[in-house]
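Listed here are the chains, written in short residue letters.
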Amino acid sequence: MKLQTMLATVASVLIGASLAAPQLQARTCSGNGDIVGSYGFTASRAGFFLLGATAPGTNSGPLVPVPVTPPGTSGAAVVGSNTPIGNLVSGLLNRNSFSVVGRMFADGMGNLFAANSNGVLLTNVLVGTYVVTPDCAVTMTVGDPFSTTTTTPIGGVFGAPGVNLGSHTVNLEGVIVDSGNSSEIHLVVTNAGGAGATVTMVKTSQFSSCTNASIFGNYAVSGQGMVTSATATGTTTGGGLTGGGGVTTTGTTGTAGAFTSGVAGSLGTPFLLLGRTVADGAGNLVTDFSSTNATVKRAITGTYTVNADCTGTARLQDTSGVARNISFVLVNEAAACSNGLQTGARQSLQFVFTDPGVIGSGEARQQ
């Protein structure tokens, strides 16, 4: 009896310890079918790559700044089509600073499709391929078929592979990072010369589901960028710059606004964006009572337009009069989980600045 009692006690201790110990449950993926549906993408290489610094341990020389016109690039070694995909590929393959947003469709079988402009619902041209591994890693190859005249359109989203992806392709590696339904993917470039660039893909609403009414309520807005010296000169006034770059700069010296400028340098003037706005669901950005009476004047007003494919454009203006234009994609922000299931999803805007001579990006999230 004593032996049985001892064995029972040991068994109880072992069971209790196993229940108390944390359980390692690595997420696994079943294959390409884990990535399916419409995805908004944002890609950028930050402005500090314009500074000309040489990385420690290298002898390749400084990164050379190249004047750019957002959301794409020009004058570099790789020049693509003037489309979201073309700007993505050329931006990733060149060394200059850039930012771009757009939309792709994954068919669940390893193919990526896109249209030649934002706002178009039909995504019937193959622009890349992807592979999902069991550990939820992702490899992608994306090209710019719109830059050639030999591209053969696919008659539907489930077309056959083998379409000409253009003369330049970019290779990406990444991971699925959220615990929901594969709604967010983070990627980096593996091509030579592509260092410093990142790509994020987040699920959008499905086809024909986005309108101005899709953006409604309070949004916190943040971002950063640079007004390049090639197109904007002058001194800082409040939140903006005087003159150049197609930027409205009617702010008063010393007046704080959502846009705040840094110290001007030989390559341009950096700026930050931090503010709050209210979307009325009808294409207007307004201020509410709380913003109007706040001691911190970071309210943002303006207008916006949402396309059916969940891309859009907007104009943001702060209380000091500085105004800048953006291009955005409306995505489904990952939501909290309960018992392993998502309880809902909020929408957010991922955007880039589109005024000539202004580079940078940001996001607007529902409060």
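Residues numbered from 1 in each chain as written. Predicted model: local features only at pLDDT ≥ 70, side-chain atom pairs only at ≥ 80, totals over all residues. Heavy atoms only, no water.

S.K.: Sorry, what's going on with empty space enclosed by the protein here?
M.R.: A probe matching the size of a water molecule, rolled over the atoms, marks out where space remains unfilled. As enumerated under the stated definition, the model contains two cavities of 30 Å³ or more in all. Empty space within the largest cavity amounts to approximately 120 Å³. If you trace the largest cavity, you find 13 residues lining it, with Thr277, Leu285, Leu316, Leu349 and Ala364 closest to the centre. Contributions of two or more residues to the lining of the largest cavity are made by β9 (216–228), β14 (268–280), β17 (311–318) and β21 (346–353). (1 Å grid on protein atoms, 1.4 Å probe; cavity = no way out; pocket = protein on both sides within 12 Å on 5 of 7 lines; lining within 4 Å. Points joined across faces, edges and corners; volume = space filled by probe spheres on them. Helix = DSSP H or I, 4+ residues; strand = E, 2+ residues; numbered from the N terminus.)

S.K.: What's the story with the side chain of threonine 83 in this structure? I'm lost.
M.R.: Along the chain, threonine 83 turns up in the loop between β1 (36–45) and α2 (84–93). For threonine 83, the side chain forms a polar contact with the side chain of serine 81, separated by 2.8 Å. If sequence neighbours within four positions are ignored, threonine 83 has contacts with Asn116, Asp144 and Phe146. (Polar contact = N/O pair within 3.5 Å; in protein donor to acceptor, adjacent residues only side chain to side chain. Contact = heavy atoms within 4.5 Å.)

S.K.: What's the story with the confidence of the model for the chain in this structure? I'm lost.
M.R.: If pLDDT is low for a region, its predicted coordinates should not be looked at in detail. Across the chain, the average pLDDT comes to 74, with 65% of residues at 70 or higher. Across residues 151–161, confidence stays below pLDDT 50; counting only partners more than four residues off in sequence or on other chains, it has 25 contacts. Predicted confidence for residues 231–254 stays below pLDDT 50, and this span has 59 contacts to residues more than four positions away or in other chains. (pLDDT = per-residue confidence, 0-100.)

S.K.: I'm lost on the side chain of threonine 204 in this one. Help?
M.R.: Within the secondary structure, threonine 204 is located in the loop between β8 (197–203) and β9. At 2.7 Å, the side chain of threonine 204 forms a polar contact with the side chain of serine 38.

S.K.: When you look at the nonpolar core in this model, what are you seeing that I'm missing?
M.R.: Generally speaking, a soluble globular protein has its nonpolar side chains buried in company with each other. Core analysis: the largest hydrophobic core is formed by 32 residues, its most contacted members being Ile35, Leu88, Leu92, Leu172 and Met201. Setting aside residues no more than four positions away along its own chain, leucine 88 makes contact with Phe41, Ala43, Val100, Val142 and Val199. Ranked by size, the runner-up nonpolar core spans 26 residues in total, among them Cys210, Phe271, Leu273 and Phe351. (Core = buried A, V, L, I, M, F, W, Y, C linked by side-chain atoms within 4.5 Å. Buried < 20%, exposed > 50% of the residue type's maximum accessible area, 1.4 Å probe, protein only.)

S.K.: Looking at this structure, I do not really get the sheet that holds strand β5 (residues 137–143). What am I missing?
M.R.: Strand pairs in the sheet, formed through backbone hydrogen bonds, run parallel or antiparallel to each other. Read around the barrel, eight strands follow the order β1-β2-β3-β4-β5-β6-β7-β8 and close on themselves; strand pairing throughout is antiparallel. In this sheet, adjacent strand axes meet at a mean angle of 30° when their direction is disregarded. For β1 and strand β2 (residues 98–107), the ladder comprises ten bridges, and the chain directions are antiparallel. What sits directly across from glycine 37, in β2, is alanine 106. α2 rests against β1, β2, β3 (111–114), β4 (125–132), β5, β6 (169–176), β7 (184–189) and β8 of the sheet, and its axis sits at about 120° to β2. (Pairing = 2+ DSSP bridges. Axes fitted to C-alpha atoms, helices over the stretch in contact; angles between N-to-C directions.)

S.K.: How do you make sense of the pattern of salt bridges when you look at a structure like this?
M.R.: Think of it this way: side chains of opposite charge can pair up when their charged atoms draw near. If you walk through the whole model with that rule in mind, you get one salt bridge. With a closest N to O distance of 3.2 Å, glutamate 363 and arginine 365 form a salt bridge. For glutamate 363, a relative accessible area of 23% puts it in the partly exposed group. Its relative accessible area of 40% is what places arginine 365 among the partly exposed residues. (Salt bridge = Lys/Arg side-chain N within 4 Å of Asp/Glu carboxyl O.)

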